[in-house]
Amino acid sequence: MALIHRTTMRPTKQELVAAWLPGRSWYAAGGRAPEPVTVGGFRLDDPAGEVGVELMAVADGEGPDAVVHLVPMTYRGKPLDGAEGALIGTSEHGVLGTRWIYDGAHDPVLVAQAYALLAGRATAQHRSLSDTPDPAVTAVLDPAPGGDAEALDVVDGADRTDVRLRTDGSGAALVLRFHRVLRPAGAETGAGAGAVGRVTAEWTPGGGAPVRGDFLTVHPV
């Protein structure tokens with residue numbers, strides 16, 4: 001159960017993301033310094049109860065021309081071995097103490113739970129309410145898989161991050177694609193073409209009406 005603490009984080013998630021975003025290959029605003037605003041997203045539960053898991057839709061400003069990026073994040077009570085390059089930063093949490101915050105596409109807990117969501121074995125949770133499913137998030141994968149998946153490698157691209165997976169049992173390979181630049185349904189580029197599964201969710205750009213689009217898609221290798 002995703003327990004949301006009403007407390008402080010110093011620095012805040014937005015401050016950490018502001019410093020981290022411009023160095024990403026998929027950051028679409030070019031040389032403009034971001035002023036991150038969280039405009040949507042959802043959480044997933046870690047079955048072990050150790051790692052916080054969140055997929056945030058983050059606008060790089062408040063105007064109508066702001067670009068919305070997907071920033072999956074994990075929150076850990078100690079460093080993740082071998083993931084130094086995926087560290088977004090550290091923050092002092094008012095209840096939990098020091099938290100190491102990672103780009104979740106490189107964290108096996110987030111990847112495993114995203115796959116479990118697609119397989120129908122996990123439920124998306126509201127990003128700001130404890131123990132509250134988010135019915136606006138939908139997930140489908142055809143054919144429905146059994147078992148778990150293991151991340152083999154992670155590759156960042158111009159508008160995406162691809163995680164190559166090996167699934168249990170068959171050993172078949174799939175690509176779990178994080179759509180780093182979020183676009184409303186119908187406005188997507190080729191990032192979602194040929195998908196055999198997808199996670200769609202809502203965000204609210206520029207203070208307007210909510211829109212929906214792909215956060216994640218699954219592709220055969």
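Scroll up to find the structure this text is about.
The model shown is predicted, which means the values in this text are computed figures rather than measured ones. (Residues numbered from 1 in each chain as written. Predicted model: local features only at pLDDT ≥ 70, side-chain atom pairs only at ≥ 80, totals over all residues. Heavy atoms only, no water.)

Novice: An account of the overall build of the protein chain is needed here, citing residue identities and associated values.
Specialist: What the protein chain contains, in helices and strands, is two helices and 12 strands. Across the protein chain, helices and strands are ordered from the amino to the carboxyl terminus as β-α-β-β-β-β-β-α-β-β-β-β-β-β. Radius of gyration (C-alpha) of the protein chain: 16 Å, near the 17 Å computed for a compact globule of 221 residues. Seen along its three principal axes, the alpha-carbon backbone of the protein chain occupies a region of about 45 × 40 × 30 Å. (Helix = DSSP H or I, 4+ residues; strand = E, 2+ residues; numbered from the N terminus. Rg over C-alpha atoms; globule rule 2.2 N^0.38 Å.)

Novice: Please provide a residue-by-residue account of the side chain of T74, values included.
Specialist: With respect to the secondary-structure elements, T74 resides in strand β4 (residues 68-76). With residues up to four places along the chain from it excluded, the contact list for T74 reads V51, G52, V53, W100, I101, Y102, G104, D107 and L110. (Contact = heavy atoms within 4.5 Å.)

Novice: Break down helix α1 (residues 13-20) for me, with residues and values.
Specialist: For α1, the full list of buried residues reads K13, L16, V17 and W20. Seen end-on, α1 carries its buried residues on one side only, within an arc spanning 95°. Buried residues belonging to α1 abut β1 (9-10), β2 (37-44), β3 (52-59), β4, β5 (87-93) and β6 (97-103). (Buried < 20%, exposed > 50% of the residue type's maximum accessible area, 1.4 Å probe, protein only. Arc of directions from axis to C-beta.)

Novice: For the nonpolar core, give the residues involved together with the corresponding values.
Specialist: Counting 36 residues, the largest nonpolar core has F42, L55, L176, F178, F215 and L216 as the members making the most contacts within it. When residues of this core are traced back to their parent elements, those giving at least two are β2, β3, β4, α2 (108-118), β9 (160-167), β10 (173-179), β11 (197-203) and β12 (211-220). No other element matches α2, which puts eight residues into this core. Formed by 15 residues, the second largest nonpolar core is a distinct cluster that contains W20, V58, M73 and I88. (Core = buried A, V, L, I, M, F, W, Y, C linked by side-chain atoms within 4.5 Å.)

Novice: Give me the lowdown on the pattern of salt bridges, citing residues and values where you can.
Specialist: A complete count under the given rule lists 12 salt bridges for this structure. For R76, the salt bridge identified is with D107, shortest N-O distance 2.8 Å. Taken together, the positions of R76 in strand β4 and D107 in the loop between β6 and α2 put the pair 31 residues apart, joining distant regions of the chain. A single burial state applies to R76 and to D107, both of which are buried. With a shortest N-O distance of 3.3 Å, R121 and D148 are connected by a salt bridge. Of this pair, R121 sits in the loop between α2 and β7 (138-141) while D148 is found in the loop between β7 and β8 (149-156), placing the two residues 27 residues apart along the sequence. (Salt bridge = Lys/Arg side-chain N within 4 Å of Asp/Glu carboxyl O.)

Novice: Break down the packing of aromatic side chains for me, with residues and values.
Specialist: Note on aromatic pairs: each is described by the distance of the centres and the angle between the planes. If you walk through the whole model with that rule in mind, you get three aromatic pairs. Aromatic pair W20 and W26: ring centres 5.7 Å apart, planes at 65°, arrangement edge-to-face. Relative accessible area serves as the criterion here: at 1%, W26 is assigned to the buried category. With 5.8 Å between their ring centres and 35° between their planes, F42 and F215 make a pair best called tilted. Here F42 is found in strand β2, whereas its partner F215 is found in strand β12, with 173 residues between them in sequence. The buried category is assigned to F42, whose relative accessible area is 1%. Three or more aromatic residues joined by ring pairs make a cluster, and in this case those are F42, W203 and F215. (Phe/Tyr/Trp six-rings, centres within 6.5 Å; stacked < 30°, edge-to-face > 60°.)

Novice: Quick one: what's the story with the environment of E62, residue by residue and with numbers?
Specialist: Along the chain, E62 falls in the loop between β3 and β4. For the pair formed by E62 and L182, sequence separation is 120 residues and the distance between their alpha carbons is 15 Å. Here E62 is in contact with V37 and G206, once residues within four sequence places are set aside.

Novice: Lay out the pairing of β4 in plain terms, naming residues and giving numbers.
Specialist: The buried count for β4 comes to nine of nine residues, which makes it a mostly enclosed element. Neither face of β4 is left uncovered, since the one carrying V68, L70, P72, T74 and R76 and the one carrying H69, V71, M73 and Y75 both have all their residues buried. Pairing analysis gives eight bridges linking β3 to β4, with the strands arranged antiparallel. Within β4, the residue paired with E54 across the bridge is M73. (Pairing = 2+ DSSP bridges.)

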